[in-house]
Amino acid sequence: MGLHGVKAVFFDLDNTLIDTAAAGRRAIEERPPRPLQVISALQSKHHYGEGEARAVCDKVQAKLLKECHDPAKMCITDLRISHWEEAIQETIGGEANRDLAAECYYLWKTTRLQHLTLAEDTRAMLTELRKGLRLLLLTNGERQTQREKIEACACQPYFDAIVVGGEQKEEKPAASIFHYCCDLLGVQPAECVMVGDSLDTDIQGGLNAGLKATVWLNKAMTAPVDTSPVPHYIISSVLDLPAVLQKMEHNANAKLETDHMAGSNE
């Protein structure tokens, strides 16, 4: 697929190409015959009531959403074990139980990674797009965590380059990381499209960097709370992207034809 003016597409990872949120829920909530999930382990091995086990997990989920990680002060593993340790103590009381917290964390992490898959139809789409475009994976997050996800979903072969925000000076939405990606691929910002689920990082970042277009993945197709930033296109599935790119090509062709006609009439 050769596109007028578009040479590269940048893709977000979490909840764009892979369903990280669903994988995290499954790591916590699945029941036997998959007994490794955290709630099951807390109930069967440590004799927690279901309500207590679920409360611990809910508290951890809340901590993850508010997480601020400084790799200079603490590694991500220690930080996330601390989330579980605090959640257990807040729910059950008593002394801190670091060993149980570590067990819960590693169960959650291992099971979540098992559920991070790049769907077959997504693989097919990326393969087809790459025939005519350069593809780059651009993900925010701590280096170790994101690299483990990338390895788990085996997405490396589908991209010309992979950039992890935690390995750079700045993450999305800073323009610098987008310009770094452009340099990696040897393209200009005005030749690139950003696809992602976050208005604050993916869309705002693409706009900050002066990319040709931003495509917001809004699975629920719900209206944003405020009106900014405004993406150029909105899709409900990442599989809708080829249609957007075709629309962009059609619009570009129409503009070329209009400009040609206007030039001929002068």
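For clarity, every value in this text was computed on a predicted model and none was experimentally measured.

A.B. asks: Would you mind showing me how to read the overall build of the protein here?
C.D. replies: Counting its secondary structure elements, the protein contains 10 helices and six strands. On the principal axes, the C-alpha backbone points of the protein span a range of 85 × 40 × 35 Å. Expressed as a percentage of its 266 residues, the buried residues of the protein come to 45%. In the protein, once contacts between residues fewer than 6 apart in sequence are set aside, the share between residues at least 24 apart is 61%.

A.B. asks: Help me understand unusual backbone geometry, please; the structure alone is not making it clear to me.
C.D. replies: One can expect most non-glycine residues to show negative phi and most peptide bonds to be in trans. A cis amide bond links Lys-172 with the next residue in sequence, Pro-173, at an omega value of 15°. Within the secondary structure, Pro-173 is located in the loop between strand S3 (161-164) and helix H8 (175-185). Backbone geometry places His-47, a non-glycine residue, at a positive phi of 60°. Within the element layout of this structure, His-47 appears in the loop between helix H2 (38-44) and helix H3 (50-65). Among the residues examined, His-47 registers a relative accessible area of 68% and is labelled exposed.

A.B. asks: I'm lost on the side chain of Lys-63 in this one. Help?
C.D. replies: Checked against the element boundaries, Lys-63 lands in helix H3. Reaching out from Lys-63, the side chain makes a polar contact with the side chain of Glu-90 at a distance of 3.0 Å. Non-local contacts of Lys-63, meaning those with residues more than four positions away in its chain, are made with His-83, Glu-86, Ala-87 and Glu-90.

A.B. asks: Help me understand the nonpolar core, please; the structure alone is not making it clear to me.
C.D. replies: A general feature of soluble globular proteins is that nonpolar side chains tend to end up buried together. Among the nonpolar cores identified, the biggest contains 34 residues, and Val-9, Phe-11, Leu-137, Phe-159, Val-193 and Leu-241 are the most heavily contacted of them. Here the element with the most residues in this core is helix H10 (residues 241-265); it accounts for four residues. Setting aside residues no more than four positions away along its own chain, Val-193 makes contact with Val-6, Ala-8, Val-9, Phe-10, Leu-211, Ala-213, Val-215, Leu-245 and Met-248. Residues Trp-84, Ala-87, Ala-102 and Leu-107 belong to the second largest nonpolar core, which totals 22 residues.

A.B. asks: Which parts of the structure should I look at to understand H3?
C.D. replies: Counting along an α-helix, one turn takes 3.6 residues, and residues three or four places apart therefore face a common direction. Helix length check: H3, at 16 residues, gives a terminal C-alpha distance of 23 Å against a target of 22 Å (1.5 Å per residue), a fit within 8%. Listed as buried for H3 are Ala-53, Val-56, Cys-57, Val-60 and Lys-63. Mapping the buried residues of H3 onto a view down its axis gives an arc of 120°, with all of them on the same face. Of the exposed residues in H3, those oriented more than 90 degrees away from the buried face are Gly-51 and Leu-65. Those residues of H3 that are buried are in contact with helix H1 (20-29), H2 and helix H4 (76-92).

A.B. asks: Would you mind going over the sheet that holds strand S1 (residues 8-11) with me for this structure?
C.D. replies: Pairing between the strands of a sheet is mediated by backbone hydrogen bonds and can be parallel or antiparallel. Pairing is parallel in the open sheet, where six strands are placed in the order S3-S2-S1-S4-S5-S6. The open sheet is flanked by S3 and strand S6 (233-235), the only strands paired with a single partner. Strand after strand, the sheet turns through a mean of 20° between neighbouring axes, direction not considered. Pairing analysis gives four bridges linking strand S2 (residues 134-139) to S3, with the strands arranged parallel. When the bridges of S3 are listed, Leu-136 appears paired with Ala-161.

A.B. asks: Quick question: what am I supposed to make of the packing of H4 against helix H5 (residues 98-114) here?
C.D. replies: Helix-helix packing: each pair is described by the crossing angle between the helix axes and the interaxial distance. Packing of H4 against H5 leaves a shortest axis separation of 8 Å and a crossing angle of 120°. Of the two possible hands of crossing, H4 and H5 adopt the one that is right-handed. Residues Thr-77, Asp-78, Arg-80, Ile-81, Ser-82, Trp-84, Glu-85 and Ile-88 of H4 pack against Arg-98, Leu-100, Ala-101, Ala-102, Cys-104, Tyr-105, Tyr-106, Trp-108 and Arg-112 of H5. By residue class, the composition of the contact of H4 with H5 is 10 nonpolar, two polar and five charged.

Procedures and definitions
- Residues numbered from 1 in each chain as written.
- Predicted model: local features only at pLDDT ≥ 70, side-chain atom pairs only at ≥ 80, totals over all residues.
- Heavy atoms only, no water.
- Helix = DSSP H or I, 4+ residues; strand = E, 2+ residues; numbered from the N terminus.
- Buried < 20%, exposed > 50% of the residue type's maximum accessible area, 1.4 Å probe, protein only.
- Contact = heavy atoms within 4.5 Å.
- Polar contact = N/O pair within 3.5 Å; in protein donor to acceptor, adjacent residues only side chain to side chain.
- Core = buried A, V, L, I, M, F, W, Y, C linked by side-chain atoms within 4.5 Å.
- Expected span 1.5 Å × (residues − 1).
- Arc of directions from axis to C-beta.
- Pairing = 2+ DSSP bridges.
- Axes fitted to C-alpha atoms, helices over the stretch in contact; angles between N-to-C directions.
- Left-handed = near helix turned anticlockwise from the far one by under 90°.
- Nonpolar A, V, L, I, M, F, W, Y, C, P; charged D, E, K, R; others polar.

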